[in-house]
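What follows is the residue order along each chain.
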Amino acid sequence: MSAPLDLAALAAQVRPPDETVAAQARERQDRLTKPAGALGRLEPLSVWLAATTGRCPPQPPQRARVVVFAGDHGVARTAATSAYPPEVTAQMVHNLVGGGAAVTVMAAALGAGVRVLDLAVDADDDAALPDEVRHWKVRRGSGSIDREDAMSAAESDAALRAGLAIADDEIDAGADLLIPGDMGIGNTTVAATLVGLLTGAGPLEVVGRGTGIDDLTWMRKCAAVRDAMRRGRPHTADPAALLAAVGGADVAAMSGFLLQAAVRRTPVILDGVVSGAAALVAARLCPTAALWWQAGHRSTEPAHRLALDALALSPLLDLDLRLGEGTGGLLALPLVQAAAATLRDMATFDEAGVSGPAAAPPPG
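In short, a report on the structure. (Residues numbered from 1 in each chain as written. Predicted model: local features only at pLDDT ≥ 70, side-chain atom pairs only at ≥ 80, totals over all residues. Heavy atoms only, no water.)

**Brief notes about the overall build of the protein**
Defined as follows: Helix numbering and strand numbering both begin at the N terminus, where a helix is a DSSP run of H or I of at least 4 residues and a strand a DSSP run of E of at least 2. When a residue's accessible area, from a 1.4 Å probe over protein chains only, is under 20% of the maximum for its type it is buried; when over 50% it is exposed; and in between it is partly exposed. In this description, contact between two residues means that some pair of their heavy atoms is separated by no more than 4.5 Å. Note on areas: these come from Shrake-Rupley sampling with a 1.4 Å probe, and a residue is covered only by the protein chains present in the view. Here the positive residues are Lys and Arg and the negative ones are Asp and Glu; neither His nor the chain ends is included. Charge positions are represented by NZ for Lys, CZ for Arg, CG for Asp and CD for Glu.
Looking only at helices and strands, the protein features 18 helices and five strands. If one aligns the C-alpha atoms of the protein with their principal axes, the spans along those axes are about 75 × 45 × 40 Å. For the protein, the residues scored as buried account for 55% of the 364 residues in total. Summarising the internal contacts of the protein: among those between residues at least 6 apart in sequence, 76% fall at separations of at least 24. Just so you have it, the protein exposes about 14600 Å², and 54% of that area is on carbon and sulfur atoms. Charge separation in the protein, taken as the distance between the mean sites of 31 positive and 41 negative side-chain charges, equals 3 Å.

Shown next as structure tokens:
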């Protein structure tokens, strides 16, 4: 049996984005044919992309990839915390593979690729899925986190390792920007638990409506999160143990994926509350990793706002989305591309023969 993953050593490999390139990008922004700041948040976004890609001006992302991490969560079955039955996870994985889900339709329209991975789907028809979807499967479903561990320590380690390898696969294949997506009935219950534990918020502050639950289901969800937080609280200083206790293989793999993207100096656009929770775990391992991420949007889940605040990330979009799958991160991709294109292709004042801002008159 191999030794557990050395997460501290992995985190030590993360370096901040290139500040020298960021300074070059800010200087170029100041010379473009527009008033300073006139493009609003597109300007710092272009600087971020330049710094994370190590080039000024940056190339707009050409090979963005959405990776959907799928898994079932026992709490959805035992505590009835979702508006949909647990078998929907497996059904939606097939829909994703078949190209009929929202994220696959959007990705086709935006020129991005989508990869779907079964980390912990609880289904009898695994063999009906392509081998590449099932390659990184850790287990079938997870424990009900309000009363038992989501998985063993060995399974948590395996899921984290899977996330690292998946990021490497995508980057080695040419991906220049990554977007984590999620699919799993019950995963917002897990996300709310992790966000509550890592931000100090209480159950009532982190539990939202998820798949559109009614008041009675919301109360059951609050109770499940309360009990799960009680179980997880002793493990908040140990991210791998925390994921084993109250996470799941899908969320653990996503945490490893986000951390390895930072190690590999690859920019990431986060999606909703599940990727926000995974990012909080990864940032607990290495705060510097968050410098490699942008928040694509802010979902309607209250835990997502808390996660983004803790990560010091400001969402690029706020469209009342709560679907997951990577849709909110994907919708922010054109903004990143536009920010890069303006920094790269706009003329400077000198190039266009346009007068710059007037000099301030001398005092007195």
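**A look at the environment of Pro-85**
Checked against the element boundaries, Pro-85 lands in the loop between α4 (74–78) and α5 (88–97). A sequence separation of 247 residues divides Pro-85 from Ala-332, and the C-alpha atoms of the two residues are 30 Å apart.

**Remarks on the packing of helix α13 (residues 249–263) against helix α14 (residues 273–285)**
Selection rule: The axes are straight lines fitted to the C-alpha atoms, using for helices just the contacting stretch, and the angles between their N-to-C directions are given from 0 to 180°. Working definition: roughly parallel below 35 degrees, roughly antiparallel above 145 degrees, roughly perpendicular at 65 to 115 degrees, and oblique for all remaining angles. Two helices cross in a left-handed way if the nearer one is turned anticlockwise from the farther one by less than a right angle. They cross in a right-handed way if the turn is clockwise. For this scheme, ten residues count as nonpolar: Ala, Val, Leu, Ile, Met, Phe, Trp, Tyr, Cys and Pro. Four count as charged, namely Asp, Glu, Lys and Arg, and the remainder, Gly too, count as polar.
Direction vectors running N to C along α13 and α14 enclose 60°, while the axes themselves pass 8 Å from each other. Our classification of the angle between α13 and α14 gives oblique. Crossing angle aside, the handedness with which α13 passes α14 is right-handed. Facing Val-251, Met-254, Ser-255, Leu-258 and Leu-259 of α13, the residues of α14 in contact are Val-274, Ser-275, Ala-278, Ala-279, Val-281, Ala-282 and Leu-285. In the contact of α13 with α14, the residues fall into ten nonpolar, two polar and no charged.

**A few points about unusual backbone geometry**
Trans is the common state for peptide bonds, and a negative phi is the common state for residues other than glycine. The omega torsion across Cys-56 and Pro-57 is -5°, close enough to zero to call that bond cis. Topologically, Pro-57 is positioned in the loop between α3 (42–53) and β1 (64–71). Of note, the phi angle at Ala-312 is positive, near 60°, even though the residue is not glycine. Residue position: Ala-312 is located in the loop between α15 (302–311) and α16 (327–331).

**Details of helix α8 (residues 153–172)**
Helical geometry: 3.6 residues make up each α-helical turn, so side chains three or four residues apart lie on a common side. Basically, it comes down to this: Take the number of residues in a helix, subtract one, and multiply by 1.5 Å to get its expected span.
Look at α8: 29 Å from first C-alpha to last across 20 residues, which is about the 28 Å you get at 1.5 Å a residue. Buried within α8 we find Ser-156, Asp-157, Ala-159, Leu-160, Ala-162, Gly-163, Leu-164, Ala-165, Ile-166, Ala-167, Glu-170 and Ile-171. On its buried face, α8 is in contact with α1 (7–11), β1, β2 (113–120), β3 (177–183), α12 (239–246) and α13.

**Some details on the nonpolar core**
Here is the rule we go by: Grouping buried Ala, Val, Leu, Ile, Met, Phe, Trp, Tyr and Cys residues that are joined through side-chain atoms within 4.5 Å yields what is termed a nonpolar core.
Counting residues in each nonpolar core, the largest one holds 77 residues, and the members touching the most others are Leu-194, Leu-258, Trp-293 and Leu-311. Looking at this core element by element, the count peaks at eleven residues for α13. Setting aside anything within four residues of it in sequence, one finds Leu-258 in contact with Pro-180, Val-268, Leu-270, Ser-275, Ala-278, Ala-279, Ala-282 and Trp-293. With 31 residues, the next largest nonpolar core counts Ala-64, Ala-90, Leu-96 and Val-336 among its residues.

**Points about the side chain of Thr-348**
You can see Thr-348 is positioned in the loop between α17 (333–345) and α18 (349–352). Classification of Thr-348 as buried rests on a relative accessible area of 3%. Filtering out sequence-adjacent residues up to four positions away, Thr-348 remains in contact with Arg-28, Arg-31, Leu-32 and Thr-33.

**Here we look at the pairing of β3**
How we decide: Only when DSSP finds a minimum of two bridges between them are two strands counted as paired.
Burial analysis of β3 places seven of its seven residues in the buried class, the great majority of the element. On β3, burial covers both faces: Leu-177, Ile-179, Gly-181 and Met-183 on one face and Leu-178, Pro-180 and Asp-182 on the other are all buried. As judged from the seven bridges shared by β1 and β3, these two strands associate in the parallel manner. Looking at β3, one finds that Phe-69 is bridged to Asp-182.

**What about the pattern of salt bridges?**
Convention followed: Salt bridges are defined as contacts in which a side-chain nitrogen from Lys or Arg sits within 4 Å of a carboxyl oxygen from Asp or Glu.
For the structure shown, the criterion picks out 21 salt bridges. The salt bridge involving Asp-149 is made with Arg-231; its shortest N-O contact spans 2.4 Å. Residue Asp-149 is located in the loop between α7 (131–134) and α8, and its partner Arg-231 is located in helix α11 (residues 215–232); the two are separated by 82 residues in the primary sequence. Overall, the relative accessible area of 40% leaves Asp-149 in the partly exposed class. Taking the shortest distance from any N to any O, the salt bridge between Asp-215 and Arg-209 comes out at 2.9 Å. Given a relative accessible area of 36%, Arg-209 falls into the partly exposed group. Beyond isolated ion pairs, a larger network of salt bridges with shared partners links Arg-65, Arg-115, Asp-169 and Glu-170.

**Section: the side chain of Ser-299**
Convention followed: Pairs of N or O atoms are called polar contacts if they sit within 3.5 Å, as long as, within protein, a hydrogen donor faces a hydrogen acceptor (for residues adjacent in sequence, only side-chain-to-side-chain pairs).
Here Ser-299 lies in the loop between β5 (293–295) and α15. According to the relative accessible area criterion, Ser-299 is buried, its value standing at 10%. Within the structure, Ser-299 has its side chain in polar contact with the backbone nitrogen of Glu-301 (distance 3.1 Å). Contact partners of Ser-299, with chain neighbours within four places excluded, come to Val-273, His-304 and Leu-321.

This is a description of form; function is not addressed.
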